[in-house]
Amino acid sequence: MDYELEEISPSEVKQLLKDGKKVSLIDVREDEEVAVGKIPEAAHIKMGEIPDRLAEIDKNEEHIIICRSGRRSENVAYFLLDEGYKVKNMTGGMLEYNKE
């Protein structure tokens, strides 16, 4: 696997949403983490459920993967890349997103 995982910053994600761009956001955190708050536009698919729920993820769209700090989402993004999806990892995760 030589392809690079593309990254997007929380501020870039905010800008896309502010501009009203149609973006697919997938939050891979656990239920209790999401209960504390997530980006309203984001779909919630727990990291462990991703392999079983691939049918819900559109291969023709680009998806931005989100977690708490950017580490789990990076793993999920690499997995989805392997499966042939177009994905970006949101660096810094929700910690960074909520800081701004």
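The shown structure was predicted, so the numbers you read here are calculated from the model rather than taken from an experiment.

## Observations regarding the overall build of the protein chain
Moving on, step 1. Of the regular secondary structure elements, the protein chain holds 4 helices and 5 strands.
Moving on, step 2. N-terminal to C-terminal, the α/β element order of the protein chain is β-α-β-α-β-β-α-β-α.
Moving on, step 3. The C-alpha atoms of the protein chain give a radius of gyration of 12 Å, which matches the 13 Å a tight globule of 100 residues would have.
Moving on, step 4. Along the first, second and third principal axes, the C-alpha atoms of the protein chain reach 35 × 30 × 20 Å.
Moving on, step 5. Buried positions account for 40% of the 100 residues belonging to the protein chain.
Moving on, step 6. Pairs at least 24 residues apart make up 64% of the contacts formed inside the protein chain by residues separated by at least 6 positions.
Moving on, step 7. Per element, the accessible surface of the protein chain, about 5800 Å² overall, is 47% carbon and sulfur.

## What to know about the pairing of strand β5 (residues 86-90)
The side chains of a regular strand alternate between both faces of the sheet.
Moving on, step 1. With respect to burial, β5 is a largely interior element, 4 of its 5 residues being buried.
Moving on, step 2. Alignment of strand β1 (residues 6-8) against β5, held across 3 bridges, turns out to be parallel. By the bridge assignment, E7 is partnered in β5 with N89.
Moving on, step 3. Pairing geometry for strand β4 (residues 62-66) and β5, over 4 bridges, is parallel. When the bridges of β5 are listed, I64 appears paired with K88.

## A short note on the nonpolar core
Moving on, step 1. Membership of the largest hydrophobic core comes to 15 residues, with the highest contact counts inside it found for I26, V28, I50, I57, I65, L80 and V87.
Moving on, step 2. Looking at which element gives the most residues to this core, the answer is helix α3 (residues 71-82), with 4 residues.
Moving on, step 3. In contact with V87, not counting residues within four places along its chain, are L5, E6, E62, H63, I65, A77, L80 and L81.
Moving on, step 4. By size, the runner-up hydrophobic cluster in this structure holds 11 residues, among which are I8, V13, L25 and I64.

## Observations concerning the UniProt feature "domain: Rhodanese" (unreviewed entry) in the protein chain
Moving on, step 1. Taking the UniProt record as the reference, the feature "domain: Rhodanese" (unreviewed entry) is found at residues 19-99.
Moving on, step 2. Taken end to end, residues 19-99 is 30% helix and 20% strand, and its first and last C-alpha atoms sit 20 Å apart.

## As for the environment of M47
Moving on, step 1. Residue placement: M47 occurs in the loop between β3 (43-44) and β4.
Moving on, step 2. Separated by 39 residues in sequence, M47 and I8 place their C-alpha atoms 19 Å apart.
Moving on, step 3. Once residues within four sequence positions are removed from consideration, M47 is found in contact with V28, R72, N75 and V76.

## With respect to the pairing of β4
Moving on, step 1. For β4, the buried fraction is high: 4 of the 5 residues fall into the buried class.
Moving on, step 2. Where strand β2 (residues 24-27) lies against β4, 4 bridges are found, and the strand directions are parallel. Bridge pairing in β4 places I26 opposite I65.
Moving on, step 3. Crossover β4 to β5 through α3 is right-handed.

Rules behind the numbers
- Within any chain, residue numbers begin from 1 and follow the written order of that chain's sequence.
- Where totals are concerned, whole chains, interfaces and linings use all residues; where local detail is concerned, this predicted model gives features only for residues with pLDDT of at least 70, and gives and counts side-chain atom pairs only at 80 or more.
- Think of the side-chain values as coming from all heavy atoms in the structure, minus any hydrogens and water.
- Secondary structure elements are taken from DSSP: a helix is a run of H or I of four residues or more, a strand is a run of E of two residues or more, and numbering for both begins at the N terminus.
- It is over C-alpha atoms that the radius of gyration is taken, and the globule rule equals 2.2 Å times the number of residues to the power 0.38.
- When a residue's accessible area, from a 1.4 Å probe over protein chains only, is under 20% of the maximum for its type it is buried; when over 50% it is exposed; and in between it is partly exposed.
- Every residue pair with non-hydrogen atoms within 4.5 Å of one another is taken to be in contact.
- For every accessible area listed, the method is Shrake-Rupley and the probe measures 1.4 Å; residues are considered covered only by the protein chains on display.
- We call two strands paired when DSSP finds no fewer than two bridges between them.
- The term nonpolar core refers to a set of buried residues drawn from Ala, Val, Leu, Ile, Met, Phe, Trp, Tyr and Cys, joined through side-chain atoms within 4.5 Å.
- UniProt positions are given in the numbering used here, feature names are shortened, and annotations may be inferred rather than shown by experiment.
- Handedness of a crossover is defined as follows: with both strands directed away from the viewer, a clockwise route from the first strand across the helix to the second makes it right-handed.

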